[in-house]
Amino acid sequence: QTVRWHIELQPWASPTPSLNYEASRFLKYISTSQISCEHMNLNSLKGYSETTKKPWSICLDERFSLIHRIRSKKCRLYSLGLGNDDNQFELSMANSGCEVHRFDPGIKAAHVQEGRHLWYHRLSIDWRDPNPAIAAHKLHSNTKKLGTVLNEFGHQKIDVLKADVESAEWKILENLILEDVVEQIGQLVFEVHVHWPGFEVSGNDSTVVRYWYSLLRELELKDFRLFHTYKDLSKPQMFLKKEAFNASSCYTLSWVNTRWK
């Protein structure tokens, strides 16, 4: 299998590159569900009443595997975060019998187990592994690619990958696509930030938005379908540092891998 070094960029949205055209195509794309999902929160499971600060929506329809894996206590959630206190979603998934792994470089110990199903790991998930030849990288050896962590933990599949990584999401998503790790994931719930390009994303504004859009189209090519979008109106209404396009700086997007029946 040949290694891919970059994703395929989609054609420009207009005959000549234009931020207006790129932004309207991208924002329409992330605001339009591609598949309908009837049951999207854990309240639909018996005995749950949860109040999450953010709607981390997962699809619990019978036609997809997640609800069956929750019932049979075989589900696994990976949660990528950066010092975020809101772990209600992780707790409710653990309470429903899922094996939950939360990755946060800010915790005190390397690995902490809370209760039967919840683990915290002092690891930051990145789009590259540390380079052992560079001394500075040794200090950050608690930074790893998701594929590396899956191999080290002996995990073949993740039922849900939740990510709130403050603008590292674009490069992490690119890495998951390029290395085919995304095919080991049943559902993705990502917070995406559009107020600036994101870590190590370069180019002018229209180029950046075309790259974002192309990444999400790659997910679609891998049979992921967007089923829920949450536009966070509590965040500044900024799009690439401009108050334009009626956009929030932050959206929570949920996809289901339709190959996972």
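Residues numbered from 1 in each chain as written. Predicted model: local features only at pLDDT ≥ 70, side-chain atom pairs only at ≥ 80, totals over all residues. Heavy atoms only, no water.

A.B. asks: For the overall build of the protein, give the residues involved together with the corresponding values.
C.D. replies: Scanning the protein from terminus to terminus reveals 7 helices and 10 strands. When the 261 residues of the protein are sorted by exposure, 52% land in the buried category. Long-range contacts, defined here as pairs at least 24 residues apart, represent 67% of the contacts in the protein between residues at least 6 apart. Accessible surface for the protein amounts to roughly 12500 Å². Of this, 51% is attributable to carbon and sulfur atoms. (Helix = DSSP H or I, 4+ residues; strand = E, 2+ residues; numbered from the N terminus. Buried < 20%, exposed > 50% of the residue type's maximum accessible area, 1.4 Å probe, protein only. Contact = heavy atoms within 4.5 Å. Areas by Shrake-Rupley, 256 points an atom, 1.4 Å probe, with all protein chains shown as cover.)

A.B. asks: Which residues make up unusual backbone geometry, and what are the values?
C.D. replies: Positive phi, close to 50 degrees, is recorded for E166, a residue that is not glycine. The residue E166 is located in the loop between β7 (158-164) and α6 (169-178) in this model. Look at E200: it is not a glycine, yet its phi comes out positive at around 55 degrees. In this structure, E200 sits in the loop between β8 (185-193) and α7 (205-221).

A.B. asks: Describe helix α3 (residues 88-95), and please don't skip the residues or the numbers.
C.D. replies: Quick reminder: α-helices carry 3.6 residues per turn. Residues three or four places apart thus point the same way. Among the residues of α3, those classed as buried are F89, E90, S92, M93 and A94. Looking at the packing, one finds that the buried side of α3 touches β1 (76-81), β2 (99-103), β4 (118-121) and β7. Just downstream of α3, G97 is the residue with a positive phi angle, here 100 degrees.

A.B. asks: Describe the confidence of the model for the protein, with residues and values.
C.D. replies: Model confidence for the protein is summarised by a mean pLDDT of 89, while 89% of its residues fall at 70 or above. When the criterion is pLDDT under 50, residues 46-52 qualifies, and its contacts beyond four places in sequence or with other chains add up to 13 contacts. (pLDDT = per-residue confidence, 0-100.)

A.B. asks: Residues and numbers for the state of the cysteines, please.
C.D. replies: One pass over the full model with this rule turns up 2 disulfides. One disulfide in the model links C75 with C98; its S-S distance is 1.7 Å. Residues C75 and C98 are joined by a disulfide whose S-S torsion is about -105 degrees; by sign, that bridge is left-handed. With C75 in the loop between α2 (65-71) and β1 and C98 in the loop between α3 and β2, this residue pair connects regions lying 23 residues apart in the sequence. An identical accessibility class is assigned to C75 and C98; each is buried. Ordering the disulfide-forming cysteines of the protein by sequence position, one finds them joined as 1-2, 3-4. (Disulfide = S-S within 2.5 Å.)

A.B. asks: Break down the nonpolar core for me, citing the residues and quoting the values.
C.D. replies: Counting 51 residues, the largest nonpolar core has F26, L146, W170, L188, W212, L216 and F239 as its most contacted members. The contact partners of W212, leaving out residues within four places of it in the chain, are F26, W170, H193, V194, W196, P197, F239 and L240. Counting 18 residues, the second-largest nonpolar core is a separate cluster that includes I58, L77, M93 and C98. (Core = buried A, V, L, I, M, F, W, Y, C linked by side-chain atoms within 4.5 Å.)

A.B. asks: Which residues make up the packing of helix α1 (residues 19-30) against α7, and what values go with them?
C.D. replies: When two helices pack together, their arrangement is given by the angle between their axes and by how far apart the axes lie. For the pair α1 and α7, the least separation of the axes is 9 Å and the interaxial angle reads 30 degrees. Comparing the axis directions of α1 and α7 gives the class roughly parallel. The chirality of how α1 crosses α7 is left-handed. From α1, L19, E22, A23, R25, F26, Y29 and I30 reach across to α7, where they touch D205, S206, V209, R210, W212, Y213, L216, R217 and E220. The residue inventory of the contact of α1 with α7, partitioned by class, reads 9 nonpolar, 1 polar and 6 charged. (Axes fitted to C-alpha atoms, helices over the stretch in contact; angles between N-to-C directions. Parallel < 35°, antiparallel > 145°, perpendicular 65-115°, else oblique. Left-handed = near helix turned anticlockwise from the far one by under 90°. Nonpolar A, V, L, I, M, F, W, Y, C, P; charged D, E, K, R; others polar.)

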